[in-house]
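Summary of the model geometry
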Amino acid sequence: MTCEELLKALNEYVDDETALAVCQEFAEHLAGCDPCQVVVDNIRQSIALYKAGEPYPMPPEFEARLRNSLKERWQQKFGKVS
Amino acid sequence: MKIATPLVPTTDEHLIGQAAGGDFTAYQELVTRFQVRVFGVAFRIVGQRQDAEDVTQQTFLSLIEHIDSFRGESSVATWLLRIATNHALKLLRKRRGLPTVSLSGPTDDDDNYSSLPHPDFIARWSATPETLAQRAEVREQIGSALNTLDDKYRVVFVLRDIEGMSVRETAEALDLTEGTVKVRLLRARLMLREQLTRQFGDEATRLFPDHEHG
Ligand SMILES: [Zn+2]
């Protein structure tokens, strides 16, 4: 496996280290190629960083407005809010 | 002593059914369950609060309009995030003065594995993602990095890697083939890796591939 081939198979490896089809060849290449190893680590870290970020909080005053407009539309469609 | 009956959590699908029959409480429960997630996806796609609020509102208004057209082919979460994503993309196109066409269209020239962006700045990060994520300026930086991606790459990354949807669910939500999702995801990951490693990589550990890539 070349660096180029490794790049194309990255997704499978990043998503599932045990994916057998690519695992063996991929692991062999990584063992002998530091740059590719670091690229794989970097991608995992990038994803982890986005996931670790707190979700954007919904502004409370928006939630109040949201609930009001949804209630209004609901009444238009169903005629009641029970 | 009286033993409390264990609460059986009502499924999202069950709530949709009740809401479709006119049960406003069930509908409100759905809004409660999904509003933070919908708002988060909207915010990451449109990149600012005001627009994210509009998209969130439109999404839950659409839920009222189409509440009886939920067929259970996908989960409620996938269905709702699909509606939210479509509203978000529509808003972006409107903001940019582009015609509102869908993402699905014919696949683009770069929806394949040739000429992938090659990693250039390769270095170990100087801190773990968990440590970095604590810092407010890092949250700004990763938000801006995400905003530099084309919409078509950003939405795939948001749904698959941030929201944790499967490749198949992402494909369903965006009306794309799984193959297109995978290649866009790879490009998004490579572009973000490049940008983030330039910011968080330790220059002293920088590596240079010992041969030219083809
Ligand atoms: Zn390599």
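Conventions and cut-offs
- Residues numbered from 1 in each chain as written.
- Chains lettered and ligands numbered in written order.
- Predicted model: local features only at pLDDT ≥ 70, side-chain atom pairs only at ≥ 80, totals over all residues.
- Heavy atoms only, no water.
- Domains from an automatic or database assignment.
- Contact = heavy atoms within 4.5 Å.
- Buried area = accessible area lost by both parts, 1.4 Å probe.
- Salt bridge = Lys/Arg side-chain N within 4 Å of Asp/Glu carboxyl O.
- Polar contact = N/O pair within 3.5 Å; in protein donor to acceptor, adjacent residues only side chain to side chain.
- Helix = DSSP H or I, 4+ residues; strand = E, 2+ residues; numbered from the N terminus.
- Donors = N, O, S within 2.8 Å, 3.2 Å for Na, K, Ca; no water.
- Tetrahedral: all angles 85-135°; square planar, octahedral: opposite > 155°, others 65-115°.
- Buried < 20%, exposed > 50% of the residue type's maximum accessible area, 1.4 Å probe, protein only.
- Axes fitted to C-alpha atoms, helices over the stretch in contact; angles between N-to-C directions.
- Left-handed = near helix turned anticlockwise from the far one by under 90°.

Here's the deal with the domain arrangement of chain B
Residues and elements named next belong to chain B. Its domain assignment divides chain B into domain 1 (12–95) and domain 2 (113–208). With twelve residues of domain 1 at the contact, the number on the domain 2 side is 15 residues. Carbon and sulfur atoms make up 57% of the surface buried where domain 1 meets domain 2, a total of about 1300 Å² over both sides. In terms of surface lost to domain 2, no three residues of domain 1 exceed R44, T78 and R82, which account for 43% of the buried area on that side. Where domain 1 packs against domain 2, one counts two salt bridges. Residue E163 is joined to R37 by a salt bridge in which the shortest nitrogen-to-oxygen separation is 2.6 Å. Linking domain 1 to domain 2 there are five residue pairs in polar contact (both at pLDDT 80 or more). Elements that contribute at least two residues to the side of domain 1 that touches domain 2 include exactly α2 (24–46) and α4 (76–95). Examining the composition of the side of domain 1 that touches domain 2, we find that six residues originate from one element, α4, more than from any other.

A few points about the coordination of the zinc ion
Residues and elements named next belong to chain A. Looking at the metal site, the zinc ion is ligated by C3 (SG), H29 (NE2), C33 (SG) and C36 (SG), spaced 2.0 to 2.3 Å from it. Coordination at the zinc ion comes from four donor atoms whose angles at the metal span 106 to 113 degrees, giving a geometry best classed as tetrahedral. We note that the donor set of the zinc ion lies within a single chain, spaced as C-x25-H-x3-C-x2-C. Here C33 lies in the loop between α3 (20–31) and α4 (34–52) and C3 lies in helix α1 (residues 3–8), a separation of 30 residues in the sequence. The exposure class of C3 is buried, given its relative accessible area of 8%.

Digging into the packing of α2 of chain B against helix α7 (residues 151–162) of chain B
All names here are of chain B. The N-to-C vectors of α2 and α7 enclose an angle of 145 degrees; their axes lie 9 Å apart at closest approach. Regarding α2 and α7, the two cross each other, and that crossing is right-handed. Facing V41, R44 and I45 of α2, the residues of α7 in contact are R154, V155, V158, L159 and I162.

Remarks on unusual backbone geometry
Residue and element names in this part refer to chain B. Despite not being glycine, D175 shows a phi value in the positive range, around 60 degrees. Considering the arrangement of structural elements, one finds D175 in the loop between α8 (167–174) and α9 (178–200). With relative accessibility at 51%, the residue D175 sits in the exposed group.

Quick notes on the pattern of salt bridges
Pairs may arise between side chains of opposite charge once their charged atoms sit close together. One pass over the full model with this rule turns up 19 salt bridges over all chains. Note that E65 of chain B and R73 of chain A form a salt bridge whose closest N and O atoms lie 3.0 Å from each other. Separated into two different chains, E65 of chain B in helix α3 (residues 49–65) and R73 of chain A in helix α5 (residues 60–78) make up a pair that spans both. Between R96 of chain B and D151 of chain B there is a salt bridge, with the nearest N and O atoms lying 2.7 Å from each other. With a gap of 55 residues between them, R96 of chain B in the loop between α4 and α5 (129–132) and D151 of chain B in helix α7 connect regions that are remote in the sequence. A relative accessible area of 14% means that D151 of chain B is categorised as buried. When salt bridges with common partners are traced through the structure, they connect D120, R193, E194, R198 and R206 of chain B into a single cluster.

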